[in-house]
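One letter stands for each residue in the lines below.
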Amino acid sequence: MTAVPEATELDGSGRAAQPRQLIVTVYGLYSRTEGGWLSVASLIDLLAAVGVDEPAVRSSISRLKRRGILEAVRRGATAGYELSDDAREILREGDERIFRRGRATPADGWLLAVFSVPETERHKRHLLRTQLARMGFGTAASGVWIAPAHLHAATEEALTRLGLAGYADLFRADHLAFGDVRAKVRDWWDLDRLDDLYTTFLDEHGPALRRGSVTEEQAFADYVRVLTGWRRMPYLDPGLPAEFLPRDWSGIRAADLFFELHAQLENPARAFVAKSINFG
């Protein structure tokens, strides 16, 4: 994984969760206490609970291996895969986003990423734009990207890791004059698209909250699906201040749903995995 990993694997982007995205969720939740390793047999059993059959699991594992997200490692006679170093680092950063409840406030200010890349290195320009978009930056002007200020450390770390630090400068900024920030936020980010995604999330995962009592296996399946669906959202919406968002913003209701399901499902899901998993 020498460049920005494909968002559809590591941040859950895309309308419908693919088997490879569900596999990454399972690794992120349950493998890191074992050095990022899971046996193939455990993966097949766990994904079966989410409705993914064995051929789809094996095909998805192969794709994740080709992309440098998983590495084949045997433990004795047991075949398995572990997360690559880069994948573990990206998932660690993702934890901070996925489980961060608060939003920025207007008083926090903004982070500006200003970059200039020579035409002879246009691939670096594409990589830089891809990374900033993946982290939830909006576009304020050509070569000027903007995000809530709390993303400064994660942005610095990511650009350094990808060898892009020499092409950009990061600034803390305040909006001082000219124009309404609420209107500008709508220009900088595609809020209509975000609203559609949040509404889809509510429609897809709201029924899990209304199911009431479920088995540990069903709790696991629901938890993997809801976390896979949620993983993309903190990257597309970087915690924009509520004061600059439309009234009754669907993202706030979606966050309420996610954290309620997280509190309800996490422990029974982990209990199911403890009974099912084989670390070899």
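Predicted model only: the values in this text are computed from it and were never measured.

Let's shift gears to unusual backbone geometry. We note that Phe 178 has phi near 75°; this positive angle belongs to a residue other than glycine. Mapping Phe 178 onto the fold places it in the loop between β7 (168-173) and α8 (181-188). Given the relative accessible area of 75%, Phe 178 is considered exposed. Of note, Asp 248 is a non-glycine position whose phi angle comes to about 55°, a positive value. Along the chain, Asp 248 turns up in the loop between α11 (233-236) and α12 (250-276). On the basis of relative accessible area, Asp 248 is assigned to the exposed category, the value being 62%.

Before going further, it helps to examine the pairing of strand β2 (residues 70-75). Note that β2 and strand β3 (residues 78-83) share 6 bridges and pair antiparallel. By the bridge assignment, Leu 70 is partnered in β3 with Leu 83. Between β2 and the antiparallel strand that follows it, β3, lie 2 residues; Gly 76 among them carries a positive phi value of about 65°.

Before going further, it helps to examine the environment of Arg 20. On the secondary structure map, Arg 20 appears in helix α2 (residues 19-30). Measuring from C-alpha to C-alpha, the distance between Arg 20 and Val 117 comes to 33 Å, with 97 residues separating the pair along the chain.

The rules behind the values
- Residues numbered from 1 in each chain as written.
- Predicted model: local features only at pLDDT ≥ 70, side-chain atom pairs only at ≥ 80, totals over all residues.
- Heavy atoms only, no water.
- Helix = DSSP H or I, 4+ residues; strand = E, 2+ residues; numbered from the N terminus.
- Buried < 20%, exposed > 50% of the residue type's maximum accessible area, 1.4 Å probe, protein only.
- Pairing = 2+ DSSP bridges.

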